[in-house]
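Commentary on secondary and tertiary structure
Here is what each chain is made of, one letter per residue.
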Amino acid sequence: DAGITQSPRHKVTETGTPVTLRCHQTENHRYMYWYRQDPGHGLRLIHYSYGVKDTDKGEVSDGYSVSRSKTEDFLLTLESATSSQTSVYFCAISVQGGSPLHFGNGTRLTVT
Amino acid sequence: SQQGEEDPQALSIQEGENATMNCSYKTSINNLQWYRQNSGRGLVHLILIRSNEREKHSGRLRVTLDTSKKSSSLLITASRAADTASYFCATDANNNAGNMLTFGGGTRLMVKP
């Protein structure tokens with residue numbers, strides 16, 4: 001899996017609680033991404049990073065924030081989880097924008 | 001919104017048959033990529049075709065790109081049960097400053113032994 005680890009793999013949380021998902025890479029790739037995958041919507045980009053402390057919004061960024069303080073770690077935070085954020089979250093990395101992505105195995109998040 | 005749309009949404013074939021999946025997109029692109037996803041796993045990159053290429057091969061995979069029709073197809077020849085997975089196209093639109101990939105909804109392929 002190209003040296004990408006997502007944690008946790010599964011999480012159940014209650015509406016209104018904060019949640020942080022972690023993505024760790026050992027490939028030293030510059031770009032890191034967070035996608036969510038939902039039935040009927042395919043994969044949608046939440047946020048991405050093009051370097052340490054350099055991040056930008058994707059298609060569905062509302063309700064999410066990210067941080068990248070080190071090359072290898074990219075954190076996704078749901079400040080106050082809602083049921084609409086129940087999804088499978090995938091982290092991906094690439095050498096540069098538009099290059100092939102290497103994905104982690106996902107985090108299944110359920111917000112009750 | 002999805003830049004790429006796969007067709008069909010689901011496909012069921014017998015082992016040994018060929019499987020063809022199509023992808024249509026809306027805006028001009030730098031490249032188009034195909035990915036595979038096994039159940040419960042992350043996506044795996046299969047092949048990338050650039051906008052100035054018309055056809056590309058990788059093992060049993062053949063990808064074509066028609067930029068005039070804004071469409072691509074993925075052909076898997078002599079399919080195997082292990083090819084059962086979902087297949088996604090992704091486009092790198094050349095009006096996208098960040099060159100971010102946009103994924104379609106995928107085709108679910110089932111290959112029956």
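Scroll up to find the structure.
The paragraphs below set out a description of the structure included in this document. (Residues numbered from 1 in each chain as written. Chains lettered and ligands numbered in written order. Predicted model: local features only at pLDDT ≥ 70, side-chain atom pairs only at ≥ 80, totals over all residues. Heavy atoms only, no water.)

**Side note on the environment of Arg54 of chain B**
Residue and element names in this part refer to chain B. For clarity, the cut-off: Only DSSP runs of H or I with at least four residues qualify as helices, and only runs of E with at least two residues qualify as strands; both kinds are numbered from the N terminus onward. Only protein chains enter the accessibility calculation, which uses a 1.4 Å probe. A residue is then buried if its area is under 20% of the maximum for its type, exposed if over 50%, and partly exposed in between. Should any heavy atoms of two residues lie within 4.5 Å, those residues are considered in contact. Each polar contact in these results corresponds to two N or O atoms within 3.5 Å; when the atoms are within protein, one needs to be able to donate a hydrogen and the other to accept it, and residues that are neighboring in sequence are counted only if both atoms are side-chain atoms.
With respect to the element layout, Arg54 can be found in the loop between β5 (43–50) and β6 (55–58). Residue classification places Arg54 among the partly exposed residues on the basis of a relative accessible area of 45%. On a C-alpha basis, the gap between Arg54 and Leu65 in space is 4.9 Å, while along the polypeptide they are 11 residues apart. Excluding residues that lie within four positions of it along the chain, Arg54 makes contacts with Ile49, Val63, Thr64, Leu65 and Thr67. At 3.0 Å, the side chain of Arg54 forms a polar contact with the backbone oxygen of Ser51. A polar contact is formed between the side chain of Arg54 and the side chain of Thr67, at a distance of 3.4 Å.

**A short note on the state of the cysteines**
Keep this limit in mind: We call a pair of cysteine sulfur atoms a disulfide when they lie within 2.5 Å.
Under the criterion given, the structure shown has 2 disulfides over all chains. What pairs with Cys23 of chain A in a disulfide is Cys91 of chain A, and their sulfur atoms sit 1.9 Å apart. Measuring the twist about the S-S bond at about -70°, one finds the Cys23 of chain A-Cys91 of chain A disulfide to be left-handed. Of this pair, Cys23 of chain A sits in strand β3 (residues 19–25) while Cys91 of chain A sits in strand β9 (residues 87–94); the two residues are 68 residues apart in sequence, bridging distant segments of the chain. This pair shows no difference in class: Cys23 of chain A is buried, exactly as Cys91 of chain A is. Shown here is the disulfide that connects Cys23 of chain B with Cys89 of chain B, its sulfur atoms set 2.0 Å apart. Across the S-S bond linking Cys23 of chain B and Cys89 of chain B, the dihedral sits near 65°, which makes this disulfide right-handed.

**Side note on the pattern of salt bridges**
Rules: Whenever Lys or Arg places a side-chain nitrogen within 4 Å of a carboxyl oxygen from Asp or Glu, that contact is recorded as a salt bridge.
Applying the stated criterion to the full structure yields 8 salt bridges over all chains. Across the pair Arg62 of chain B and Glu55 of chain B runs a salt bridge whose closest N-O atoms are separated by 3.1 Å. Residue Arg62 of chain B is classed as partly exposed on the basis of its relative accessible area of 31%. Glu55 of chain B gets classed as partly exposed once you look at its relative accessible area, which sits at 40%. For Asp83 of chain B, the salt bridge identified is with Arg60 of chain B, shortest N-O distance 2.9 Å. Taken as a pair, Asp83 of chain B in the loop between β8 (71–76) and β9 (85–93) and Arg60 of chain B in the loop between β6 and β7 (61–66) lie far apart in primary sequence, 23 residues in all. Among the residues examined, Asp83 of chain B registers a relative accessible area of 6% and is labelled buried. Members of the salt-bridge network, linked through shared partners, are Arg22, Lys70 and Asp73 of chain A.

**Section: the environment of Phe88 of chain B**
Examined against the element boundaries, Phe88 of chain B turns out to sit in strand β9. Owing to a relative accessible area of 4%, Phe88 of chain B belongs among the buried residues under this scheme. In this structure the C-alpha to C-alpha distance between Phe88 of chain B and Tyr35 of chain B, which are 53 residues apart in sequence, comes to 5.1 Å. Those residues within four positions of Phe88 of chain B in sequence are excluded, and the remaining contacts are Gln37 and Leu43 of chain A together with Glu6, Gln33, Trp34, Tyr35, Gln37, Leu43, Phe103, Gly104, Gly105 and Gly106 of chain B.

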